[in-house]
Amino acid sequence: MSLNGPIAARLYDQHVGAVYSYASRRVGRDVAITVVKDVFEHALGQQARRPEKASSDLGWLLAITTAFLRRHTATECRRLLNWTGEHTTGSGSIPRVTDPLLSSDAEDAALASTAKVMAAVAELEPEDRDVLFLVAWEGCSSALVSAATGIPPGNVRSRLSAVRKELRRRVGDTATAKENDETDADNERPTEPVDDEVEDPS
């Protein structure tokens with residue numbers, strides 16, 4: 001199905017907010033503008049063809065957006081590794097939700113640092129980040145996640161559960177390693193007072 005002018009305008013008006021919000025939370029506002037431009041140029045181009053089995057307009061656009069975001073994986077991972085907690089909330093037809101794994105309010109001590117969690121997210125496979133963020137940040141249904149990623153709807157929840165389990169393992173391992181390092185450092189500290197005066201090497 002090719003897209004004519006009225007259909008193209010409706011598609012843009014209804015879903016540009018959701019596409020921009022999704023992209024900006026993952027790669028930042030500046031890069032998101034480029035992604036949105038690429039997505040709608042692709043979707044609205046004369047040669048663009050919507051798959052006959054596409055479940056919805058939004059699902060189709062999220063699939064295109066997810067594909068274009070792969071071009072900016074390095075930018076996304078850099079943002080995750082330098083996490084500041086600043087999100088673009090944006091507006092659109094997908095609600096903004098909070099996932100405990102991605103919240104600084106998490107009660108689990110191993111998940112207390114959102115920055116630590118985000119560093120672990122950066123190490124995930126791109127496909128796993130797609131699922132995690134589509135559900136945790138965008139509040140997508142299993143049907144929308146399936147449309148955006150190609151994962152069968154019945155497998156979305158089990159995939160998400162596996163991703164969360166892997167994150168907990170990674171964050172837990174990091175916390176344990178840090179505790180071990182601190183314990184080792186304590187054990188290596190001298191028991192005798194140390195003279196504050198430093199001998200001149202000359």
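Predicted, not measured: the structure shown is a model, and the values here were computed from it.

**Considering the pattern of salt bridges**
Link 1 in the chain: A full pass over the atoms with the stated rule returns 11 salt bridges.
Link 2 in the chain: The partner of aspartate 128 in a salt bridge is arginine 159, with the nearest N and O atoms 2.8 Å apart. Taken as a pair, aspartate 128 in helix 6 (residues 126-136) and arginine 159 in helix 8 (residues 153-188) lie far apart in primary sequence, 31 residues in all.
Link 3 in the chain: Classification of aspartate 128 as buried rests on a relative accessible area of 15%.
Link 4 in the chain: Since its relative accessible area comes to 30%, arginine 159 is described here as partly exposed.
Link 5 in the chain: Between glutamate 166 and arginine 170 there is a salt bridge, with the nearest N and O atoms lying 2.7 Å from each other. Of this pair, glutamate 166 and arginine 170 both sit in helix 8, 4 residues apart, which is roughly one turn of that helix.
Link 6 in the chain: Connected through salt bridges with shared partners, the residues Arg26, Arg70, Glu76, Arg129 and Asp130 form a single ionic network.

**Remarks on the confidence of the model for the protein chain**
Link 1 in the chain: When pLDDT is averaged along the protein chain, the result is 75; 63% of the residues meet or exceed 70.
Link 2 in the chain: Averaged pLDDT values over the elements of the protein chain bottom out at 71 in helix 8 and peak at 94 in helix 4 (residues 73-81).
Link 3 in the chain: Below a pLDDT of 50 lies the segment residues 87-95, which in the model reaches 27 contacts outside its immediate sequence neighbourhood of four places, other chains included.
Link 4 in the chain: Note that pLDDT drops below 50 for residues 176-202; the model gives that stretch 0 contacts with residues more than four away or on any other chain.

Parameters at a glance
Residues numbered from 1 in each chain as written. Predicted model: local features only at pLDDT ≥ 70, side-chain atom pairs only at ≥ 80, totals over all residues. Heavy atoms only, no water. Salt bridge = Lys/Arg side-chain N within 4 Å of Asp/Glu carboxyl O. Helix = DSSP H or I, 4+ residues; strand = E, 2+ residues; numbered from the N terminus. Buried < 20%, exposed > 50% of the residue type's maximum accessible area, 1.4 Å probe, protein only. pLDDT = per-residue confidence, 0-100. Contact = heavy atoms within 4.5 Å.

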